Amino acid sequence: INYLPPPAICITPPKQSLGVYAQRLYMPFSKLGLSDPILKAITDKGYNTPTPIQQKAIPAILSGKDLVAAAQTGTGKTASFVLPILEKLNVEHAHRGKRIRALIITPTRELTEQVEANIALYSKYLDLTSMAMYGGIDAEPQKQRLIEGVDILVATPGRLLEMIYQRAVHFDELEVLVLDEADRMLNMGFIDDINKVIDRLPSKRQSLLFSATLTDDVRFLAKTVNEDALEITISPKSTTAPTIDQWLITVDKDKKSALLSHLINDQQWDQALIFISTKHGAAKLVSQLGKRNITAEAIHGDRSQAMRAKTLADFKSGELKFLVATGIAARGIDIDNLTRVVNYDLPFKPEEYIHRIGRTGRAGASGEAISFVAMGDFKNLCAIESRLGHIIKRKEFEEFPVRKTVPVSILNYVPKNKKQPKQGNSNSAKRTQKNTSQRTNRKPAKDTNNDSSNTNQHIWGK
Ligand code: AMP
């Protein structure tokens, strides 16, 4: 197969920006119930019209509803919860002050910083304070900031729990909880930490859950506990941002680095974020590219926060053209003009694929997502393409003939372990608990292990 054209159900990319896409809906921000200082900050940022997720989520959150929202990064989802939270906190003044009033939990340091940067931008005409809190750096300055008073805390689960145990953070004034990228947090094994945090929150609060994909586990987690939570789905289940040109190339494993170098040189790539499965692989690839005179840097969890921040800043500024990242480290990377992502190793989970390629084509810009598929990836590819609902177009390069071609996927592919009929919802929750615990090698928390309904109760229970 030289080239498979996208099937009819593939969404045609609109060649326009997210702002233009939003404008077609003719709903101004001023109609959503946001007050002048916030509207002014939005105008300063250059937004004209709310995106679909913003149009749906902002009024719902302002009305006090709990929410479960499926929206990928790149749809404007951050502003969809940040703006109404700012509005609420600005209008309803705190009784005692100096206490956290909104808590946003995110899976990674990068995303934490990114969300907090958005809050700072949108609240520039308000008298509200925010802070990003994550591990890997000195906790003392963070404690000091908490003492001085923070209205909105954006935090990763581990450091947050640490601060709770040290009684450095208090939630008696908490009004809103946001779980951002919930599917990702489940995948990363944060469920125990999150449950422990939620145990310490006041039961009277508004709860918002955002997730790129509403997997059965995420939906079950949210829905079974709070039937009243409003569910919003922006993109149809399992689609990717429409401006991304996806294609794949089958390649023998030992030819991957040569193929990557060839593509970089031959197609004169300006920039690429390259996903790889292991940190060892990342270091090796950087050195292989270096031997071919291509400068790349690696970013992964083992690097110090300062190193990661520097590498990321270099990549964002365009000084560094090629960034090799393990999936977790790359979470939360927000670069407006990132033109290309490469799945050097195909991810194991379809959601991960969707997340990864969501790094490009952001804010409506067009992007390219290229996957290297080796023989052993067939099942993963089937799962990904089944989730997408279409076959990804294939390209072949004469210089890289493959020893064995990867067959074309079966689109209704269901992994063997998913074929078992479900024994009711509680088993599904147990599976979530088990999977996530195994990943982190942590013992499941006593209070969530035996009664799956408790797991969910903690997330949304009042
Ligand atoms: P997010 O999905 O929150 O990661 O946002 C993706 C990008 O869209 C960010 O660069 C935002 O600055 C941008 N954005 C958010 N809301 C709007 C809007 N209403 N109009 C134009 N751009 C927006």
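What you see is a predicted model, and the numbers here were worked out from it, not measured in a lab. (Residues numbered from 1 in each chain as written. Predicted model: local features only at pLDDT ≥ 70, side-chain atom pairs only at ≥ 80, totals over all residues. Heavy atoms only, no water.)

Caption draft 1: The sheet that holds strand β1 (residues 67–70), seen in detail. The strand order β3-β4-β2-β5-β6-β1-β7 describes an open sheet built from 7 strands, whose pairing is parallel. The two strands at the open ends of the sheet, each matched to only one other strand, are β3 (130–133) and β7 (230–233). Between one strand axis and the next, the sheet turns through 15° on average, direction left out of account. Direction of pairing for β1 relative to β7: parallel, over a ladder of 4 bridges. (Pairing = 2+ DSSP bridges. Helix = DSSP H or I, 4+ residues; strand = E, 2+ residues; numbered from the N terminus. Axes fitted to C-alpha atoms, helices over the stretch in contact; angles between N-to-C directions.)

Caption draft 2: Molecular detail of the sheet that holds strand β12 (residues 340–343). Strand order in this open sheet of 7 strands is β10-β11-β9-β12-β13-β8-β14, and the pairing throughout is parallel. Both outer strands of the open sheet, β10 (296–299) and β14 (393–394), are each paired with one neighbouring strand and no more. Two strands pair when backbone bridges link them, and strand β9 (residues 272–276) and β12 are joined in this way by 3 bridges, in the parallel orientation. The partner of Ile 274 across the bridge, within β12, is Val 342.

Caption draft 3: The arrangement of the packing of aromatic side chains in detail. Summed over all chains, the structure comprises 4 aromatic pairs. The interplanar angle of 50° and the centroid separation of 4.9 Å between the aromatic rings of Phe 81 and Phe 210 together place this pair among those described as tilted. Taken as a pair, Phe 81 in helix α4 (residues 77–91) and Phe 210 in strand β6 (residues 206–211) lie far apart in primary sequence, 129 residues in all. Of note, Lys 256 hangs over the ring of Tyr 344, and the distance from its end group to the ring centre comes to 5.6 Å. Looking at Lys 395, its charged tip hangs above the ring of Trp 247, at a distance of 4.4 Å from the centre. (Phe/Tyr/Trp six-rings, centres within 6.5 Å; stacked < 30°, edge-to-face > 60°. Lys NZ or Arg CZ within 6 Å of the ring centre and 35° of its normal.)

Caption draft 4: Up close: unusual backbone geometry. One non-glycine residue, Glu 181, lies in positive phi territory at about 55°. Along the chain, Glu 181 turns up in the loop between β5 (176–179) and α8 (182–187). Under the relative-accessibility criterion, Glu 181 is labelled buried at 2%. The residue Asn 293 is not glycine, and still its phi comes out positive at about 65°. Looking at the secondary structure, you find Asn 293 in the loop between α12 (279–291) and β10. On the basis of relative accessibility, which here comes to 72%, the residue Asn 293 falls in the exposed class. (Buried < 20%, exposed > 50% of the residue type's maximum accessible area, 1.4 Å probe, protein only.)

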